[in-house]
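A look at the structure
Below are the chains, spelled out letter by letter.
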Amino acid sequence: MQKRVQSSSSNYNNIIIGPQYCVPHYLDLSIMRKVTTLNDNFTITDINGKIFFNLDSSLISLHDHRLLLDATEKSVIMTLRRKVMKGHDRWEAFRGESTELKDLIFSVRRSLMFQTKIKLDVFLASNIKENTSDFKVKGSWFERSCVVYAGDSHNIVAQMHKKDSVQSVEYGKDNLMVRVYPNVDYAFIVAVILILDEINQDKIRQQH
């Protein structure tokens, strides 16, 4: 059963994907876009280069689906799917390779992306009415910077910024750094950031 974020940042116990993705300390992850492919593929590592996840869109033919794989690329952790809805962007995350409602984990809705500003609402599957979001993402995609908050509070659960390195400049790689706060499900945070990137890429394609 999913446990909700507590009111104090020191008491976060937010298991969404699984307890194995929650650690009692800050976790810094690097999300690196693979430039050797035309697809939206990413590798997610820690600061020492240890691979945590891979995002692959080349394994499936459907354009609106993404697979979040484990480090070995043999096990599908989540399927990310774009849901076509009039008026706003929405993505859904399901357990494993399923896209059935019973396996829905959370959904992400774009509430604002005007020029450079970002605002996303994240709803857990148990939040059927969606009167209030369980998490919010706010920031500036132009600066590759955003903050993930718990609901409507000021409690931060993760922060993202762009990391410029010699390697990223030379090879044109888009390297995003994400700091996940203690006891926050980092698989969930990674999925939200990857969906944010997809929404931004859609926005760029619409402008061209």
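1. Topic: the side chain of D197
If you trace the backbone, D197 turns up in helix α2 (residues 186–207). For D197, a relative accessible area of 1% gives the class buried. Among residues more than four places away in sequence, those in contact with D197 are R33, F42 and W141.

2. Notes on the pattern of salt bridges
Two side chains carrying opposite charge are able to pair once their charged atoms lie near each other. Under the definition given, this model contains 11 salt bridges. E100 is the partner of K102 in a salt bridge, and the nearest nitrogen-oxygen pair spans 3.9 Å. Its relative accessible area of 65% is what places K102 among the exposed residues. The class of E100 is partly exposed, set by a relative accessible area of 46%. Here D121 makes a salt bridge to K136, at a shortest N to O gap of 2.5 Å. Taken as a pair, D121 in strand β8 (residues 117–124) and K136 in strand β9 (residues 135–140) lie far apart in primary sequence, 15 residues in all. Owing to a relative accessible area of 5%, D121 belongs among the buried residues under this scheme. Residue K136 is classed as buried on the basis of its relative accessible area of 11%. Three or more residues joined by partner-sharing salt bridges are found here, namely R109, D121, K136 and D152.

Rules of the game
Residues numbered from 1 in each chain as written. Predicted model: local features only at pLDDT ≥ 70, side-chain atom pairs only at ≥ 80, totals over all residues. Heavy atoms only, no water. Helix = DSSP H or I, 4+ residues; strand = E, 2+ residues; numbered from the N terminus. Buried < 20%, exposed > 50% of the residue type's maximum accessible area, 1.4 Å probe, protein only. Contact = heavy atoms within 4.5 Å. Salt bridge = Lys/Arg side-chain N within 4 Å of Asp/Glu carboxyl O.

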